[in-house]
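Breakdown of the fold
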Amino acid sequence: MPDDAPLQRRKLFIKSFGCQMNAYDAQRMADMLRPEGYEQAQTAQDADLIVLNTCHIRERATEKVYSELGMLREMKDQRSMTANPLRVAVAGCVAQAEGAEIFRRTDLVDLVVGPQSYHHLPQQLRDVARGQRVIETEFPVDDKFAHLAAPQPDAIARRGLSAFVTVQEGCDKFCSFCVVPYTRGMEVSRPLAAIVAEVERLAQHGVREITLLGQNVNAWHGLAADGRKIGLAEVLARLADISGILRLRYTTSHPLDMDAGLIAAHRDLPQLMPFLHLPVQSGSDAVLKAMNRRHTSADYLDLVTRLRQARPDIALSSDFIVGFPGESEADFAATLALVEAVRFASTFFFKYSARPGTPGADLPDQVPEDVKIERLARLQQLVEAQRHAFNASMIGKSLPVLFEKPGRHAGQVTGKSPFMQPVHVEASPSTIGQQFDVIITSTSTNSLFGHIAAPSKLPD
Ligand code: SAH
Ligand code: SF4
Ligand code: F3S
């Protein structure tokens, strides 16, 4: 296409599944396609291009993608003979895992693109417009971060106050239940200079909170400007120096990579929020071993102690899998005991689902579905009680709240506590974009309510 050709205006609808990395990738895909004339559609019906940004983590993930695709059949057929055909792309981890099989199983898809090839989307879509079916799912070998080009200023402006920045991708841990090492490839860390440059740019455009993303984010490793080997703690320290950055977070971490430097960063960096998602998966050492987690429950409890020594108010969250093959009632009781011991602020829990191609899928002693359901319910009851207790413990406390947007009711603004809880306060919209101490007065199931501690410091 010649550079001076008029841009054809088109509408893009991205449906994302899965983790925060996918949510962030969806933003980046939209950023990349905007200069190509694609604007966001409100619904799939309005779109000229539908992207299914898929996740492969759960059982039947692939089948769900085919059934989502099936629902597009009518729309696609109706427009097939028009000047404006509907294009359909499958991106994300199912695209990576299934590859060309998607073309074999359905004629609905024009483009199959893996997470590490999104920077080629404009070219891929031009090829699609010429009537080709395009697939790209190779892992790049030379420039492993070409697909993570820093967003343009107009895209940054759309981020608001809080932005994700990918610093690490892939995983070498090979937990025996997990597909991520196969769909996202081996662990790679983005160079420090690129991370700093992106965060500086975000800060200049008004971003105040940064969440560093990676499938195994605390495995980040790289070099300082002087050539020293460094880890994530130094990245955080460097980012904390950037003017305008009020809050730093990182997710998701593996207990094995939680080194002393990173624990100390929770003591030393006021910008580093006292909230950490640190999945443990199980409290039973036998199950942890079978999961290839390479830590025991005692290791995890020791880590929690050290984190709380460094930052006494740190709140923890975790992922748990119930019903991993071989999990006995005693193993499950050990999980409940670990939950009791740690007291989590919030928790995600999943029934084990056998993922073809992972070692766990071939293990004997798969746990019957009704046992999994019953254990899940017991775990849920315990973690819900902990979450309520955690929220209730906020009443009477003063918490810094970063105000993000107008609240649901007139005269209300909404922000986030350091612990990710939404906080609603009666205050002027001029507080949005700033952080104020809020005295918490009440809670609902998911939110906190309160008033600004020092109204004299408020802007007019
Ligand atoms: N480290 C990753 C983990 C991705 S998977 C991250 O960046 O978030 C998220 C969670 O899904 C895991 O922690 C695990 O609890 C759960 N999970 C992964 N594979 C699973 C499976 N086969 N069955 C059930 N739960 C699973
Ligand atoms: Fe999956 Fe384990 Fe890697 Fe997390 S650490 S992405 S659970 S293999
Ligand atoms: Fe799912 Fe891929 Fe994320 S499998 S959890 S979208 S890394």
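The rules we used
- Residues numbered from 1 in each chain as written.
- Chains lettered and ligands numbered in written order.
- Predicted model: local features only at pLDDT ≥ 70, side-chain atom pairs only at ≥ 80, totals over all residues.
- Heavy atoms only, no water.
- Near = heavy atom within 4 Å.
- Polar contact = N/O pair within 3.5 Å; in protein donor to acceptor, adjacent residues only side chain to side chain.
- Areas by Shrake-Rupley, 256 points an atom, 1.4 Å probe, with all protein chains shown as cover.
- Helix = DSSP H or I, 4+ residues; strand = E, 2+ residues; numbered from the N terminus.
- Nonpolar A, V, L, I, M, F, W, Y, C, P; charged D, E, K, R; others polar.
- Core = buried A, V, L, I, M, F, W, Y, C linked by side-chain atoms within 4.5 Å.
- Buried < 20%, exposed > 50% of the residue type's maximum accessible area, 1.4 Å probe, protein only.
- Contact = heavy atoms within 4.5 Å.
- Pairing = 2+ DSSP bridges.
- Axes fitted to C-alpha atoms, helices over the stretch in contact; angles between N-to-C directions.
- Patch = residues over 30% accessible without salt bridge, like charges linked within 9 Å, V, L, I, M, F, W, Y side chains within 5 Å.
- Salt bridge = Lys/Arg side-chain N within 4 Å of Asp/Glu carboxyl O.
- Domains from an automatic or database assignment.
- Parallel < 35°, antiparallel > 145°, perpendicular 65-115°, else oblique.
- Expected span 1.5 Å × (residues − 1).
- Arc of directions from axis to C-beta.
- Phe/Tyr/Trp six-rings, centres within 6.5 Å; stacked < 30°, edge-to-face > 60°.

The next point concerns the site of ligand 1. Taken together, the neighbourhood of ligand 1 is formed by 14 residues, with Phe 177, Gln 215, Gln 281, Asp 319 and Ser 353 sitting nearest. In this structure, Thr 252 approaches ligand 1 through a side-chain N or O atom, which is 3.1 Å from an oxygen atom. Coverage of ligand 1 by the protein amounts to 87% of the 550 Å² it exposes when considered alone. Looking at the shell around ligand 1, the elements that each hand over two or more residues are strand E15 (315-322) and strand E16 (346-351). For the shell around ligand 1, the per-class residue count stands at five nonpolar, five polar and four charged.

It is worth spelling out the nonpolar core at this point. When a protein is soluble and globular, its nonpolar side chains tend to lie buried together. Residues Ile 210, Leu 212, Leu 232, Leu 236, Leu 239, Tyr 250 and Leu 307 are the most contacted members of the largest nonpolar core, which totals 55 residues. Counting residues in hydrophobic clusters, the runner-up holds 21 residues, among them Ala 41, Ala 95, Leu 108 and Val 109.

So, on to the environment of Lys 351. Here Lys 351 is to be found in strand E16. Take Lys 351: its relative accessible area is 33%, and that puts it in the partly exposed class. Spatially, the C-alpha atom of Lys 351 lies 18 Å from that of Leu 278, the residues being 73 residues apart in sequence. Beyond its immediate stretch of four places on either side in the chain, Lys 351 contacts Val 322, Glu 369, Lys 372, Ile 373 and Leu 376. In this structure the side chain of Lys 351 is engaged in a polar contact, spanning 2.6 Å, whose partner is the side chain of Glu 369.

Residues in close proximity to ligand 2 include Cys 171, Lys 173, Phe 174, Cys 175, Phe 177, Cys 178, Val 180, Pro 181, His 254 and Arg 293, which together make up its full environment. Of the residues that constitute the shell around ligand 2, the class distribution is seven nonpolar, one polar and two charged.

In space, the three strands of this open sheet follow the order E14-E15-E16, with parallel pairing throughout. Two strands in the sheet have a free side with no partner beyond their single neighbour: strand E14 (275-277) and E16. Sheet twist, expressed as the mean angle between neighbouring strand axes with direction ignored, is 15 degrees. Taken strand by strand, helix H15 (residues 369-392) contacts E15 and E16, and its axis lies near 175 degrees from that of E16.

Turning next to a nonpolar patch on the surface. Together, Phe 174, Tyr 182 and Met 186 give the surface a local cluster of nonpolar side chains, amounting to about 290 Å² of exposed area. If you trace the backbone, Phe 174 turns up in the loop between strand E8 (168-169) and helix H8 (180-183). Residue classification places Phe 174 among the partly exposed residues on the basis of a relative accessible area of 31%.

Structurally, the position occupied by His 254 is in the loop between strand E13 (247-251) and helix H11 (260-268). Within polar-contact distance, the side chain of His 254 engages the backbone nitrogen of Leu 256 at 3.0 Å. Sequence-distant contacts of His 254, that is, excluding residues within four places in its chain, are made with Lys 173, Asn 216, Asn 218, Leu 278, Arg 293 and His 295.

What follows is about the sheet that holds strand E18 (residues 412-416). A barrel is described by the order of its strands in space; here five strands give the closed sequence E17-E18-E19-E21-E20, paired in mixed fashion. Each strand axis lies, on average, 55 degrees off the axis of its neighbour in the sheet, ignoring direction. Relative to E18, strand E17 (residues 398-406) runs antiparallel, the two being bridged by four bridges. Bridge pairing in E18 links Lys 405 to Thr 414.

A separate point is the domain arrangement of the protein chain. Considered domain by domain, the protein chain is made up of domain 1 (10-136), domain 2 (283-387) and domain 3 (398-455). In this structure, domain 2 and domain 3 have C-alpha centres spaced 33 Å apart.

Attention now goes to the packing of helix H1 (residues 20-33) against helix H6 (residues 121-129). Between H1 and H6, the shortest axis-to-axis distance is 9 Å and the interhelical angle comes to 65 degrees. For the element pair H1 / H6, the angle class is roughly perpendicular. Two secondary-structure elements touch here, H1 through Met 29, Met 32 and Leu 33 and H6 through Leu 121, Pro 122 and Leu 125. Classifying every residue of the contact of H1 with H6 gives six nonpolar, no polar and no charged.

This structure, assessed with the given rule, holds 30 salt bridges. Between Lys 173 and Asp 257 there is a salt bridge whose closest N-O contact spans 2.7 Å. Linking Lys 173 in the loop between E8 and H8 with Asp 257 in the loop between E13 and H11, this pair joins segments that are 84 residues apart in sequence. The class for Lys 173 is buried, based on a relative accessible area of 12%. Residue classification places Asp 257 among the buried residues on the basis of a relative accessible area of 19%. With its nearest N and O atoms 2.6 Å apart, the salt bridge here joins Arg 311 to Asp 313. The exposure class assigned to Asp 313 is partly exposed, which follows from its relative accessible area of 37%. Through salt bridges with shared partners, a single ionic network connects Glu 209, Arg 247, Arg 249, Glu 404 and Lys 416.

Our next topic: helix H14 (residues 329-342). Owing to its 3.6 residues per turn, the α-helix brings residues three or four apart onto one side. Over its 14 residues, H14 runs 20 Å from end to end, which matches the ideal 20 Å to within 8%, given 1.5 Å per residue. Turning to H14, its buried residues are Asp 331, Phe 332, Thr 335, Leu 336, Leu 338, Val 339 and Val 342. Buried residues in H14, looked at end-on, bunch into an arc of 155 degrees, giving them a common side. Looking one or two places after H14, you find Arg 343, whose phi comes out positive at around 60 degrees.

Further remarks concern helix H10 (residues 232-240). Along H10, the residues that are buried comprise Leu 232, Ala 233, Val 235, Leu 236, Leu 239 and Ala 240. Projection of H10 onto a plane perpendicular to its axis shows the buried side chains occupying an angular sector of 160 degrees, all on one side. Where H10 is buried, its residues touch helix H9 (192-204), strand E10 (209-213), strand E12 (229-231), E13 and H11.

On to the packing of aromatic side chains. Applying the stated rule across the entire model yields six aromatic pairs. Ring geometry for Phe 177 against Phe 324: centres 6.5 Å apart, planes inclined by 80 degrees, an arrangement best described as edge-to-face. Here Phe 177 is found in the loop between E8 and H8, whereas its partner Phe 324 is found in the loop between E15 and H14, with 147 residues between them in sequence. Taken as a pair, Phe 177 and Phe 324 share a single burial class, namely buried. Geometrically, the ring pair formed by Phe 320 and Phe 344 is edge-to-face, given 5.8 Å between the ring centres and 80 degrees between the ring planes. You can see Phe 320 sitting in strand E15 and its partner Phe 344 sitting in the loop between H14 and E16, a full 24 residues away along the chain. You'll find Phe 320 and Phe 344 in the same group, each marked buried. Each member of the aromatic cluster is reached from another via a ring pair, and the members are Phe 177, Phe 324 and Tyr 352.

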